[in-house]
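Here are the chains, one letter per residue:
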Amino acid sequence: MPMTVDAPFLNRLARIVRERGLDTTSGPVDDAPDPDLPGHPAYHHRQRVTAALTKFERATPPRYLTASTDHPKVCAWADQVAADVSQAPSLLLWGGTGTGKTHAAFGAVRRVALAGPGRFGFLATTFPDLYAALRPGAGTSEEREQVMRRVLSVPILLLDDLGTTAASLWTEETTYRIVNHRYTRMLPVVITTNEPPARLPELLGDRIASRLIEMTTRVEMTGRDRRLTR
Ligand SMILES: Nc1ncnc2c1ncn2[C@@H]1O[C@H](COP(=O)(O)OP(=O)(O)OP(=O)(O)O)[C@@H](O)[C@H]1O
Ligand SMILES: [Mg+2]
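Residues numbered from 1 in each chain as written. Chains lettered and ligands numbered in written order. Predicted model: local features only at pLDDT ≥ 70, side-chain atom pairs only at ≥ 80, totals over all residues. Heavy atoms only, no water.

## Here we look at the packing of aromatic side chains
- On inspection of all chains with the given rule, the structure shows seven aromatic pairs.
- Relative to Phe-106, the ring of Phe-56 lies with its centre 6.5 Å away and its plane at 75 degrees, an arrangement referred to as edge-to-face. Residue Phe-56 is located in helix α2 (residues 41-59), and its partner Phe-106 is located in helix α4 (residues 101-114); the two are separated by 50 residues in the primary sequence. Grouping residues by exposure puts Phe-56 and Phe-106 together as buried.
- Plain terms: the ring middles of Phe-106 and Phe-122 are 6.1 Å apart, the flat faces sit at 80 degrees to each other, and that makes the pair edge-to-face. Residue Phe-106 is found in helix α4, and its partner Phe-122 is found in strand β2 (residues 122-126); the two are separated by 16 residues along the sequence. Side by side, Phe-106 and Phe-122 carry an identical accessibility label, which is buried. (Phe/Tyr/Trp six-rings, centres within 6.5 Å; stacked < 30°, edge-to-face > 60°. Helix = DSSP H or I, 4+ residues; strand = E, 2+ residues; numbered from the N terminus. Buried < 20%, exposed > 50% of the residue type's maximum accessible area, 1.4 Å probe, protein only.)

Structure follows, in structure tokens:
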């Protein structure tokens, strides 16, 4: 049976629409949630970026807090990590003093954070500081184990200045334990060194060097010492 609508009803409806300032223009219905509210993809992306940047800033020394990189290979590495950390290689930045290795390393990780990855965790240290924190006698054995656990398992690990410490059986065993753990679990490490990759076997022994070569994207940083040419 066709539905009939009486005139007084239509007039009442028109008045309510007018009084409430409702837009009756026909058009597409926008049923996406507000970008400022939970439920909208932009809202959750912003939350992820904020959380990742906070972790990045907690782990980063002041000099490199705003580091960024435009090196195409380094950017490509960061984008791989941001897309899927479990499939990304490690990164080895090598080159002369002051060419920007540490800056690019932090810049790369900051780029990952800014992409708002699903999972982000970051720890940064230098090889000499790491050995100092882990050496027998440094803190309690629980403290040392806690440092080691974090170094082994953090999603992104930055180890600066490989090859600046005199090698010993102990440094080699410690480095092997870290590199092999992260190699087998495919957890990315960002390593910087002044040494060319061809010298790694001599510097670290064949077993560590072989793993590092397989697991890393290697990028040479070139140019003058930026500290001297400001
Ligand atoms: N792309 C860049 N833009 C602006 N400043 C940069 C850039 N790269 C490096 N720098 C600055 O140049 C200086 C040297 O850079 P960095 O510390 O990264 O050198 P490095 O290669 O790690 O040196 P070293 O081998 O001595 O550790 C730092 O003050 C750093 O902030
Ligand atoms: Mg450096």
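## Some points on a positive patch on the surface
- A cluster of basic side chains, namely Lys-55, Arg-58, Arg-119 and Arg-150, defines a positive patch on the protein surface.
- By secondary structure assignment, the location of Arg-119 is in the loop between α4 and β2. (Patch = residues over 30% accessible without salt bridge, like charges linked within 9 Å, V, L, I, M, F, W, Y side chains within 5 Å. Areas by Shrake-Rupley, 256 points an atom, 1.4 Å probe, with all protein chains shown as cover. Salt bridge = Lys/Arg side-chain N within 4 Å of Asp/Glu carboxyl O. Lys, Arg positive; Asp, Glu negative; His and termini not counted. Charge placed at Lys NZ, Arg CZ, Asp CG, Glu CD.)

## Focus on the nonpolar core
- Counting residues in hydrophobic clusters, the biggest one holds 29 residues, and the most contacted among them are Leu-93, Phe-120 and Val-190.
- Secondary-structure elements contributing two or more residues to this core are α2, α3 (72-83), β1 (90-95), α4, β3 (156-162) and β5 (216-221).
- The leading source of residues in this core is α4, at seven residues.
- Residues within four places of Phe-120 in sequence aside, it is in contact with Ala-52, Lys-55, Phe-56, Val-109, Val-112, Ala-113, Pro-155 and Ile-156.
- Residues Leu-92, Leu-130, Met-148 and Leu-157 belong to the second largest nonpolar core, which totals 24 residues. (Core = buried A, V, L, I, M, F, W, Y, C linked by side-chain atoms within 4.5 Å. Contact = heavy atoms within 4.5 Å.)

## Overview of the packing of helix α6 (residues 141-153) against helix α7 (residues 169-185)
- It is at 8 Å that the axes of α6 and α7 come closest, and there the two elements cross at 40 degrees. Compared by their axis directions, α6 and α7 come out oblique. Within the contact between the two elements, α6 uses Glu-145, Met-148, Val-151, Leu-152 and Ser-153 and α7 uses Thr-174, Arg-177, Ile-178, His-181 and Arg-182.
- Across the contact of α6 with α7, the residue classes tally to four nonpolar, three polar and three charged. (Axes fitted to C-alpha atoms, helices over the stretch in contact; angles between N-to-C directions. Parallel < 35°, antiparallel > 145°, perpendicular 65-115°, else oblique. Nonpolar A, V, L, I, M, F, W, Y, C, P; charged D, E, K, R; others polar.)

## Overview of the pattern of salt bridges
- Enumeration over the complete set of coordinates arrives at five salt bridges.
- The salt bridge partner of Glu-202 is Arg-199, with a shortest N-O separation of 2.9 Å.
- According to the relative accessible area criterion, Glu-202 is exposed, its value standing at 60%.
- Classification of Arg-199 as partly exposed rests on a relative accessible area of 30%.
- Through salt bridges that share partners, Glu-195, Arg-199 and Glu-202 make up one connected network.

## Quick word on the sheet that holds β5
- If you trace the five strands from one edge of the open sheet to the other, you get β2-β3-β4-β1-β5, paired in parallel fashion. The open sheet has two edge strands, β2 and β5, and neither has a second partner. The sheet shows a mean angle of 15 degrees between the axes of neighbouring strands, direction not considered.
- Taken together, the four bridges between β3 and strand β4 (residues 189-193) define a ladder with parallel strand orientation. Each bridged residue has a counterpart across the sheet, and for Leu-157 the counterpart in β4 is Val-189. (Pairing = 2+ DSSP bridges.)

## Quick notes on helix α9 (residues 206-215)
- Those residues of α9 that fall on the buried side of the exposure criterion are Ile-208, Ala-209, Arg-211, Leu-212 and Met-215. Taken end-on, α9 shows its buried residues confined to a sector of 165 degrees, consistent with a single buried face. Within α9, the exposed residues directed more than 90 degrees away from the buried face are Asp-206, Arg-207 and Glu-214.
- Residues of α9 that are buried in the fold lie against β1, β3, α7, β4, α8 (200-204) and β5. (Arc of directions from axis to C-beta.)

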